[in-house]
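Below, each chain spelled out in residue letters.
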Amino acid sequence: MASVSCLSLLVLVALASAASAQLSSTFYDTSCPRALATIKSAVNAAVAQEARMGASLLRLHFHDCFVQGCDASILLAGNEQNDGPNLTLRGFNVIANIKAQVEAICKQTVSCADILAVAARDSVVALGGPSWTVPLGRRDSPKAASTTMVTQNLLPPTSSLTALIKGYGNLGLSPTDMVALSGAHTIGQAHCPSYQDHIYNDTNINKAFATSLKASCPATGGANVMAPLDTTTPTRFDNAYFSNLLSQKGLLHSDQELFNGGSTDNIVRNFASSPSAFSSAFATAMVNMGNISPLTGTQGQIRTTCSAANS
């Protein structure tokens, strides 16, 4: 069984590599030259209205790519959206608005998967983070992923460092990619149940930090309580997340696992001391993540509405 699984993984990685090679940053230059500017303008407006939306749009891209590749399956109404790890996702309305604007200038040309990838980049930039060139040409899946795929591929906030490295590695992402992508937690918020166990039961957490969180997050319940993943600069994309880890102020158990006497400690130290090192690694990791098993060529479809497959 192990050899079969290993062979399947190698085939998956090979297929992903072959497909990603077909992506191109100039994909829409002729077919829809105003696409990227339209997406950027809409993202900037949404983030200006609510800074947290930048983190929400970035998270949508993560949750899409990690399950069955960057194919916009997460946008199909119901389905994956109803699975546990995805229940707190938001920003679907912003993507729907962007899609409507893009459809108005280029009918059935720009995929929802590409809109997600570009919106993620533009969200980071809007909050002061790095930019990168997004390879384009993904197509949309007509089918959502199964609940099994969702739960197997979206790692819970209780994950150990070993589980994180393995989970990201299964998708072709290195430990450095994993730590850099975790740095997305420099923006956004988490719900109390996702950090309850860490603040009440873990010992690798700053006591004053844990006490301050307990004031609003009870040991049980608290589903509507939220806290910023980066308490230092919660709405600015910077490297403060890693400095927080050095002080044992990671909000999630999985955050603090990155700096807990393990193999990724030095990566965290490097990112904490060098904003440019983090920015560069994050940009590289986002391109790598965006290359996970895209549908290209005649695969999939270009949905006219992101929330439903074409009839």
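Residues numbered from 1 in each chain as written. Predicted model: local features only at pLDDT ≥ 70, side-chain atom pairs only at ≥ 80, totals over all residues. Heavy atoms only, no water.

Draft legend 1. Structural view of the side chain of Asp177. Structurally, the position occupied by Asp177 is in helix H8 (residues 175-182). Here Asp177 is buried and forms no salt bridge, its nearest opposite-charge partner Arg138 lying at an N-O distance of 14 Å. Residues contacting Asp177, with those up to four places away along its chain left out, are Ala285 and Asn288. (Helix = DSSP H or I, 4+ residues; strand = E, 2+ residues; numbered from the N terminus. Buried < 20%, exposed > 50% of the residue type's maximum accessible area, 1.4 Å probe, protein only. Lys, Arg positive; Asp, Glu negative; His and termini not counted. Salt bridge = Lys/Arg side-chain N within 4 Å of Asp/Glu carboxyl O. Contact = heavy atoms within 4.5 Å.)

Draft legend 2. Molecular detail of the packing of helix H2 (residues 35-49) against helix H4 (residues 92-105). For the pair H2 and H4, interaxial distance at closest approach is 10 Å and the crossing angle is 150 degrees. When the interaxial angle is binned, H2 and H4 end up roughly antiparallel. Crossing angle aside, the handedness with which H2 passes H4 is right-handed. Each of Ala35, Thr38, Ile39, Ala42, Val43 and Ala46 in H2 lies in contact with H4, whose residues at this interface are Val94, Ile98, Gln101, Val102 and Ile105. Among the residues making up the contact of H2 with H4, the classes are represented as nine nonpolar, two polar and no charged. (Axes fitted to C-alpha atoms, helices over the stretch in contact; angles between N-to-C directions. Parallel < 35°, antiparallel > 145°, perpendicular 65-115°, else oblique. Left-handed = near helix turned anticlockwise from the far one by under 90°. Nonpolar A, V, L, I, M, F, W, Y, C, P; charged D, E, K, R; others polar.)

Draft legend 3. Highlighting the UniProt feature "binding site: heme b" (unreviewed entry) in the protein chain. What UniProt calls "binding site: heme b" (unreviewed entry) maps, in this numbering, to His185. Examined against the element boundaries, His185 turns out to sit in the loop between H8 and strand S1 (189-191). Judged by relative accessible area, His185 falls into the partly exposed class, the value being 23%. If we ignore the near neighbours within four places in the chain, the residues touching His185 are Leu229, Asp230, Tyr241, Leu252 and Asp255. (UniProt positions renumbered as here; feature names shortened; annotations may be inferred.)

Draft legend 4. Representation of H4 in the model. In this model, H4 (14 residues) spans 20 Å end to end at C-alpha, consistent with the 20 Å of a helix rising 1.5 Å per residue. Residues Val94, Ile95, Ile98, Lys99, Val102 and Glu103 constitute the buried set of H4. Buried-residue contacts for H4 involve H2, helix H3 (52-68) and helix H5 (112-126). (Expected span 1.5 Å × (residues − 1).)

Draft legend 5. Main features of the side chain of His61. On the secondary structure map, His61 appears in helix H3. In this structure, His61 is in contact with Cys70, Leu116, Ala117, Ala120, Met286, Met289 and Gly290, ignoring residues within four places of it in sequence.

Draft legend 6. Molecular detail of helix H13 (residues 265-273). Buried within H13 we find Asp265, Ile267, Val268, Phe271 and Ala272. One side of H13 holds all its buried residues, which, seen down the axis, span an arc of 160 degrees. Structural note: H13 exposes Asn266 and Ser273 on the side pointing more than 90 degrees away from its buried face. The inward-facing, buried residues of H13 abut H8, helix H11 (240-246) and helix H14 (275-290). (Arc of directions from axis to C-beta.)

Draft legend 7. Focus on the nonpolar core. Core analysis: the biggest nonpolar cluster contains 75 residues, and Leu58, Ile95 and Phe282 have the highest contact counts within it. With residues near it in sequence (within four places) discarded, Phe282 still touches Leu58, Val124, Pro130, Trp132, Ala180, Leu181, Ala184 and Phe237. Counting 13 residues, the second-largest nonpolar core is a separate cluster that includes Tyr195, Ile199, Ile205 and Cys217. (Core = buried A, V, L, I, M, F, W, Y, C linked by side-chain atoms within 4.5 Å.)

Draft legend 8. Representation of the state of the cysteines. Enumeration over the complete set of coordinates arrives at four disulfides. Across a sulfur-sulfur distance of 2.1 Å, Cys32 and Cys106 are joined as a disulfide pair. Across the S-S bond of Cys32 and Cys106 the torsion is about 90 degrees, and the bridge reads as right-handed. With a gap of 74 residues between them, Cys32 in the loop between helix H1 (2-20) and H2 and Cys106 in the loop between H4 and H5 connect regions that are remote in the sequence. Since its relative accessible area comes to 1%, Cys32 is described here as buried. Here the bonded cysteines of the protein chain are numbered in sequence order, and their pairing is 1-4, 2-3, 5-8, 6-7. (Disulfide = S-S within 2.5 Å.)

Draft legend 9. Molecular detail of the packing of aromatic side chains. Going through the model one piece at a time under the given rule, you end up with eleven aromatic pairs. Between the aromatic rings of Phe27 and Tyr28, the centroid separation amounts to 5.0 Å while the plane-to-plane angle is 85 degrees, which identifies the pairing as edge-to-face. Ring geometry for Phe62 versus Phe66: centroids 6.3 Å apart, planes at 15 degrees, classification stacked. With Phe62 and Phe66 both in helix H3, this residue pair falls four residues apart, about one helical turn. Taken together, the ring pairs in this structure connect Trp132, Phe237, Tyr241, Phe242, Phe271, Phe278 and Phe282 into an aromatic cluster. (Phe/Tyr/Trp six-rings, centres within 6.5 Å; stacked < 30°, edge-to-face > 60°.)

Draft legend 10. Fine view of the layout of surface pockets. Its volume calculated, the largest pocket comes out at about 1,000 Å³. Considering the residues around the largest pocket, the lining is formed by 38 residues, among which Arg59, His63, Leu155, His185 and Leu252 are closest to the centre. Only H3, helix H7 (161-169), H8, S1, helix H9 (192-201) and helix H12 (253-256) provide two or more residues apiece to the lining of the largest pocket. Examining the composition of the lining of the largest pocket, we find that eight residues originate from one element, H3, more than from any other. Here the residues of the lining of the largest pocket are counted per class, giving 22 nonpolar, twelve polar and four charged. (1 Å grid on protein atoms, 1.4 Å probe; cavity = no way out; pocket = protein on both sides within 12 Å on 5 of 7 lines; lining within 4 Å. Points joined across faces, edges and corners; volume = space filled by probe spheres on them.)

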